[in-house]
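# Fold and contact review
Each chain is listed here by its residues.
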Amino acid sequence: LTTLVALDTLGPTYTWKTEVYLRGEVEEETLAGDVLLKGYGDPYLVADRLWHIVRSIRRAGIDRISGDLLLDDSYFDITGYDPAAFDNQPLRAYNVAPNALMMNFKAVRYIFEPDIATSTVDLSLLPALDNLQVVNQLSLGNGSCSGYQRGITITANEDVDQMIFSGRFPSGCRSYSMYRTALSHNEFAYGMFKALWLEGGGEFSGSWKNVVYSDDEEPFLSFDSLPLTDIITQVNKHSNNVMARQILLTLAAEKFGAPGVLENGRKAVNQWLDEHGMQFDDLKLDNGSGLSRDSRITARQVGKLLRYAFDSPFMPEFMSSMSVTGLDGTLSRRFEEDPLTGMGHIKTGSLNDVTAIAGYLQARSGTRYIIVSLQNYEGVHRGTGEEVQTALLRWLYEM
């Protein structure tokens with residue numbers, strides 16, 4: 001629902017911007033002042049994208065920054081968000097709060113490799129954030145590469161700027177990695193910018209400050225995001241919750257003005273539904289993503305949305321944003337070497353006691369069908385739900 005409304009409202013070529021301001025004069029390869037970054041909600045400002053921003057500043061003849069990194073994330077207003085509220089797993093990447101200057105989904109990839117010679121476990125992280133303290137208390141044990149988190153226990157301090165890894169890591173693992181969140185959004189942005197700046201040979205020893213910048217001057221750089229078509233592909237193929245939430249807040253800011261707030265995002269979606277004759281009286285939209293126990297929509301309503309999308313000029317963009325059965329996204333390991341391989345463009349959804357699919361399936365006859373299956377039942381996520389979905393798809397494929 002969120003990605004369809006965005007595609008229909010903003011258009012497939014819509015882009016977000018991240019602005020860079022240089023607050024000082026450049027003399028002898030030194031910026032005598034601060035660098036200011038102002039975000040407008042880019043959902044996919046990952047490391048290689050930020051690298052382009054850093055390189056653009058360096059190409060201006062700047063090797064050293066004498067001041068601080070100023071961060072303006074005021075385009076969204078996120079208040080009272082608790083990353084532990086959903087499932088008491090605040091370090092999980094899917095629980096990250098949206099932010100107008102979100103970088104790399106505020107997630108760190110931790111990589112674990114056994115050192116047999118010393119009976120220790122090497123731990124590295126990407127990106128390498130020097131404002132994040134990592135305490136490695138892991139020991140190496142015998143065993144195959146299996147078990148929950150490979151025996152690793154993770155704890156964090158209250159500010160989430162220290163991560164402690166403990167437990168026994170199995171020697172049978174050649175390498176293992178996991179993604180977890182760290183720091184606040186602003187601290188993460190500072191650490192990531194600094195890491196890339198230093199990696200490129202620059203010098204920067206300043207700190208960071210959160211600001212609200214409203215000057216009318218032209219930015220040094222206005223960096224465009226990937227187009228919306230590419231963004232919704234990342235969202236739907238990989239079920240990226242925080243990106244979906246970024247999109248809902250973008251709709252809020254575009255429709256009702258900044259800052260984008262959750263209530264206005266829901267209002268924008270409901271107005272779109274009314275404008276297109278879809279009075280979903282029992283719809284309950286929560287945060288724009290699948291990460292909610294409060295969202296409610298019926299299979300028939302999802303079917304109406306998919307029918308609208310199929311008749312839309314942007315049907316190819318919307319359909320291609322979904323996982324292709326047996327080939328990519330969340331369906332890359334389902335329907336492999338199966339008659340259904342490549343025949344469906346389907347979005348999946350899963351929570352404890354919930355499993356769902358919705359999208360399009362092309363039958364053996366060449367007829368394309370809309371398919372929606374929403375299952376809510378104790379334990380249905382443990383395999384039985386997928387078995388029902390597979391039976392339904394195979395029956396429909398033979399129609």
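Up top is the structure these notes are about.
Our subject in this report is the structure included herewith. What you see is a predicted model; the values in this text were computed from it and never measured. (Residues numbered from 1 in each chain as written. Predicted model: local features only at pLDDT ≥ 70, side-chain atom pairs only at ≥ 80, totals over all residues. Heavy atoms only, no water.)

### Remarks on the pairing of strand 1 (residues 17-27)
One ladder, built from four bridges, connects strand 1 with strand 13 (residues 221-224); its direction is antiparallel. Bridged to Lys17 within strand 13 is Asp224. Pairing of strand 1 with strand 2 (residues 30-39) involves 10 bridges; the strand directions are antiparallel. Bridging from a neighbouring strand, Thr18 pairs with Gly39 of strand 2. (Pairing = 2+ DSSP bridges. Helix = DSSP H or I, 4+ residues; strand = E, 2+ residues; numbered from the N terminus.)

### Here's the deal with the state of the cysteines
On inspection of all chains with the given rule, the structure shows one disulfide. Here Cys145 is linked by a disulfide to Cys173, with a sulfur-sulfur distance of 1.9 Å. Since a negative S-S torsion denotes a left-handed disulfide, the Cys145-Cys173 link at about 95° is right-handed. Taken together, the positions of Cys145 in the loop between strand 7 (133-141) and strand 8 (152-156) and Cys173 in the loop between strand 9 (162-170) and strand 10 (176-181) put the pair 28 residues apart, joining distant regions of the chain. Residue classification places Cys173 among the buried residues on the basis of a relative accessible area of 1%. (Disulfide = S-S within 2.5 Å. Buried < 20%, exposed > 50% of the residue type's maximum accessible area, 1.4 Å probe, protein only.)

### Here's the deal with the environment of Tyr213
With respect to the secondary-structure elements, Tyr213 resides in the loop between strand 12 (208-210) and strand 13. Accessibility expressed as a relative area gives 12% for Tyr213, which makes it buried. C-alpha separation for the pair Tyr213 and Trp16, spaced 197 residues apart in sequence, amounts to 17 Å. At 2.4 Å, the side chain of Tyr213 and the side chain of Glu217 are in polar contact. (Polar contact = N/O pair within 3.5 Å; in protein donor to acceptor, adjacent residues only side chain to side chain.)

### Considerations on the packing of aromatic side chains
Summed over the entire model, instances satisfying the criterion amount to 14 aromatic pairs. Between Phe193 and Trp197 the ring centres are 6.0 Å apart and the planes differ by 15°, which places this aromatic pair in the stacked class. Of this pair, Phe193 and Trp197 both sit in helix 3 (residues 185-199), separated by four residues, roughly a single helical turn. For Phe193, a relative accessible area of 0% puts it in the buried group. When the ring of Phe193 is compared with that of Phe204, the centres are 6.3 Å apart and the planes differ by 85°; the resulting orientation is edge-to-face. Taken together, the residues span a long stretch of sequence, with Phe193 in helix 3 and Phe204 in strand 11 (residues 203-204) at a distance of 11 residues. Across the pair, exposure class does not vary: Phe193 and Phe204 are buried alike. Among the aromatic residues, ring-to-ring pairing joins Tyr110, Phe112, Phe165, Phe169 and Tyr176 into one connected group. A cation over a ring is seen here: Lys17 above Tyr40, with NZ or CZ 4.9 Å from the ring centre. (Phe/Tyr/Trp six-rings, centres within 6.5 Å; stacked < 30°, edge-to-face > 60°. Lys NZ or Arg CZ within 6 Å of the ring centre and 35° of its normal.)

### Considerations on the packing of helix 2 (residues 47-59) against helix 3
Two elements in contact, helix 2 and helix 3, have axes separated by 10 Å at closest approach and are oriented at 60°. Viewed along their axes, helix 2 and helix 3 adopt a mutual orientation that is oblique. As helix 2 packs across helix 3, the resulting crossing turns out to be right-handed. Each of Ala47, Leu50, Trp51, Val54, Ile57 and Arg58 in helix 2 lies in contact with helix 3, whose residues at this interface are Met192, Phe193, Leu196 and Trp197. A per-class count over the contact of helix 2 with helix 3 returns nine nonpolar, no polar and one charged. (Axes fitted to C-alpha atoms, helices over the stretch in contact; angles between N-to-C directions. Parallel < 35°, antiparallel > 145°, perpendicular 65-115°, else oblique. Left-handed = near helix turned anticlockwise from the far one by under 90°. Contact = heavy atoms within 4.5 Å. Nonpolar A, V, L, I, M, F, W, Y, C, P; charged D, E, K, R; others polar.)

### What about helix 9 (residues 384-397)?
The end-to-end C-alpha distance of helix 9 is 20 Å, a good match for the 20 Å that 14 residues give at a rise of 1.5 Å each. For helix 9, the complete set of buried residues consists of Gly385, Gln389, Thr390, Leu393, Leu396 and Tyr397. Burial along helix 9 is one-sided: seen end-on, the buried residues are contained in an arc of 135°. Away from the buried face of helix 9 by more than 90 degrees, exposed residues Glu387 and Trp395 are located. (Expected span 1.5 Å × (residues − 1). Arc of directions from axis to C-beta.)

### Things to note about unusual backbone geometry
Across the junction of Leu126 and Pro127, the peptide omega takes the value -5°, indicating a cis bond. Examined against the element boundaries, Pro127 turns out to sit in the loop between strand 6 (120-126) and strand 7. Cis geometry is adopted by the peptide bond preceding Pro259, which originates at Ala258 and carries an omega value of 0°. Here Pro259 lies in the loop between helix 5 (241-256) and helix 6 (262-275).

### Brief notes about the sheet that holds strand 6
On the basis of which strands lie adjacent, the open sheet formed by three strands has the order 6-5-10 and antiparallel pairing. This sheet does not close on itself; its edge strands, each paired only once, are strand 6 and strand 10. Within the sheet, the average angular offset between the axes of one strand and its neighbour, ignoring direction, is 25°. Taken together, the six bridges between strand 5 (residues 107-115) and strand 10 define a ladder with antiparallel strand orientation. If you follow Ala107 over to strand 10, its bridge partner there is Thr181.

### Some remarks on helix 7 (residues 299-311)
Between its terminal C-alpha atoms helix 7 stretches 19 Å, which fits the 18 Å expected from 13 residues at 1.5 Å a residue. Within the span of helix 7, buried status applies to Gln301, Val302, Gly303, Leu305, Leu306 and Ala309. For helix 7, the secondary structure elements touched by its buried residues are helix 1 (2-10), helix 6, helix 8 (315-320), strand 16 (354-362) and strand 17 (368-376).

### Quick word on the side chain of Lys237
Inspection of the secondary structure assignment puts Lys237 in helix 4 (residues 228-238). Judged by its relative accessible area of 10%, Lys237 falls in the buried class. Ignoring sequence-local partners within four residues, the contact set of Lys237 consists of Ser320, Ser321, Met322, Ser323, Val324, Asp328, Gly329 and Thr330.

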